[in-house]
Amino acid sequence: MPARLGGAGAGAAAADVSVADSPLAAFESLTQAAVIAVVGIAIVISNLLIIAAFLNFKGLAHEVINYYLLSLAVADLLCGLLVVPLSVHAAAVGRWVFGGLVCRLAGYLEVTLWSVSVYTFMWISVDRYLAVRKPLRYETVQTRTRSQCWMVFTWISAAMLCCPPLLGYKKEANYDARTFICMLDWASTYAYTATLGILVLGPSLISIVYNYYYIFAMRRKLNSGAPIHDKEYATALAENLANPSHCMSFLLVAAFWLSWIPYFALQIYEYFTAQVKVPMLHFGVVWLGILNSFWKIVILITFSPQFRLALRILCLTCCRAKGRLQAELVGMDNDD
């Protein structure tokens, strides 16, 4: 989750405010806790399924993009396991009871995992660009080892870029009683906040926009019947563009940014104008953004025949004996 842009909102003092004694306030608090719990369960189960399917079905290891999807699933799973449960408890009791250190750690984890996701979507767009730009040399340019190294670099760089507030550069972390989340507030450290935004958002957004523009431009060129003199290249390009992973990856990126646009819009509006005094609006935009961690499995099931096959094999592995599993696998292919 990105850091909060402005200093407005509930601060540390809000952590000491309990839920009001009125039945209506208690009901609202429990309802919000239930919503957060459902979101957390959906995130954990969906990403566990993605990770288990990847590890169980070796066929997924043949495509480099699946290593990036695995990294995304791990980041979202950590969010569901380490961040969401704290918010469920805070919403149920109406206050933050875990102390300032845990609040700062939770804020650090949110920003780090969000940065990992942003970087990973950038690498996914680069991978799809290379598949279209160099279809004849893609397997030699984009290897599994190289993609694994990029993922390790992504996790290390995100952890290092986001750690200064954790190490004391700005010790405060604000518990927002409207959203039940601890957020690092870097409003007073404009230089660091701007640098982090440029390093994380700058290359990611530029790469994503350019790479998918190129992919869709090549698709239009191919569909229009424009002459391509190298027939071998044209054949390889046509086969590559027929791969559903291009559409799937674009929808994953679009779902992520569409989930977070309302949060960014609200933060920018409050930063330049006035604070919006509608607690449920803040609650909604934050948890809509976090819910993007669940939509990944819906998109994969809908647009990835390979993942559907892996999920079926996982279910058969868990529910049936080995002999029956082997019989079921006879005749199954990637289109099942």
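These numbers come from a predicted model, not from an experiment. (Residues numbered from 1 in each chain as written. Predicted model: local features only at pLDDT ≥ 70, side-chain atom pairs only at ≥ 80, totals over all residues. Heavy atoms only, no water.)

1. A look at the overall build of the chain
Phase 1 of the analysis: Summing up its helical and strand segments, the chain has 12 helices and two strands in all.
Phase 2 of the analysis: Relative to its full complement of 336 residues, the chain shows a buried share of 49%.
Phase 3 of the analysis: Put simply, of all contacts in the chain between residues at least 6 apart along the chain, 79% involve residues at least 24 apart.
Phase 4 of the analysis: With an accessible surface of roughly 16,300 Å², the chain has 69% of that area assigned to carbon and sulfur atoms. (Helix = DSSP H or I, 4+ residues; strand = E, 2+ residues; numbered from the N terminus. Buried < 20%, exposed > 50% of the residue type's maximum accessible area, 1.4 Å probe, protein only. Contact = heavy atoms within 4.5 Å. Areas by Shrake-Rupley, 256 points an atom, 1.4 Å probe, with all protein chains shown as cover.)

2. Remarks on unusual backbone geometry
Phase 1 of the analysis: Positive phi, close to 65 degrees, is recorded for Phe180, a residue that is not glycine.
Phase 2 of the analysis: Mapped onto the elements of the fold, Phe180 is located in the loop between strand 1 (173-176) and strand 2 (181-184).
Phase 3 of the analysis: Given the relative accessible area of 6%, Phe180 is considered buried.

3. Comments concerning the pattern of salt bridges
Phase 1 of the analysis: Across all of its chains, the model carries three salt bridges by this definition.
Phase 2 of the analysis: A salt bridge links Asp76 to Lys296, with the shortest nitrogen-to-oxygen separation between them at 2.5 Å. Linking Asp76 in helix 2 (residues 65-93) with Lys296 in helix 10 (residues 292-303), this pair joins segments that are 220 residues apart in sequence. Side by side, Asp76 and Lys296 carry an identical accessibility label, which is buried. (Salt bridge = Lys/Arg side-chain N within 4 Å of Asp/Glu carboxyl O.)

4. What to know about the state of the cysteines
Phase 1 of the analysis: This structure, assessed with the given rule, holds one disulfide.
Phase 2 of the analysis: Between the sulfur atoms of Cys103 and its disulfide mate Cys182 the distance is 1.9 Å. In this structure the cystine formed by Cys103 and Cys182 twists about its S-S bond by roughly -110 degrees; its chirality is therefore left-handed. Placement of Cys103 in helix 3 (residues 99-133) and of Cys182 in strand 2 is noted, with a sequence separation of 79 residues between them. (Disulfide = S-S within 2.5 Å.)

5. Notes on the nonpolar core
Phase 1 of the analysis: Membership of the largest hydrophobic core comes to 94 residues, with the highest contact counts inside it found for Phe121, Ile124, Val286, Trp287 and Ile290.
Phase 2 of the analysis: For this core, the leading source of residues is helix 3, giving 17 residues.
Phase 3 of the analysis: Sequence-distant contacts of Ile124, that is, excluding residues within four places in its chain, are made with Ile65, Tyr68, Leu69, Leu72, Tyr212 and Ser249. (Core = buried A, V, L, I, M, F, W, Y, C linked by side-chain atoms within 4.5 Å.)

6. Here we look at the packing of aromatic side chains
Phase 1 of the analysis: On inspection of all chains with the given rule, the structure shows 21 aromatic pairs.
Phase 2 of the analysis: Summarising the aromatic geometry, the rings of Phe180 and Phe283 are spaced 6.1 Å apart at their centres and angled 80 degrees between planes, so their arrangement reads as edge-to-face. A residue pair is termed long-range when its members are at least 10 positions apart, and Phe180 in the loop between strand 1 and strand 2 and Phe283 in helix 9 (residues 279-290) qualify at 103 residues.
Phase 3 of the analysis: Phe283 sits in the buried class, given a relative accessible area of 6%.
Phase 4 of the analysis: Ring geometry for Phe256 and Trp257: centres 5.2 Å apart, planes at 85 degrees, overall edge-to-face. One exposure class covers both Phe256 and Trp257, and it is buried. (Phe/Tyr/Trp six-rings, centres within 6.5 Å; stacked < 30°, edge-to-face > 60°.)

7. What about the side chain of Ser245?
Phase 1 of the analysis: Along the chain, Ser245 falls in helix 8 (residues 245-272).
Phase 2 of the analysis: Using a relative accessible area of 5% as the deciding quantity, one classes Ser245 as buried.
Phase 3 of the analysis: Ignoring anything within four residues of it in the chain, the contact list for Ser245 reads Ile65 and Arg128.

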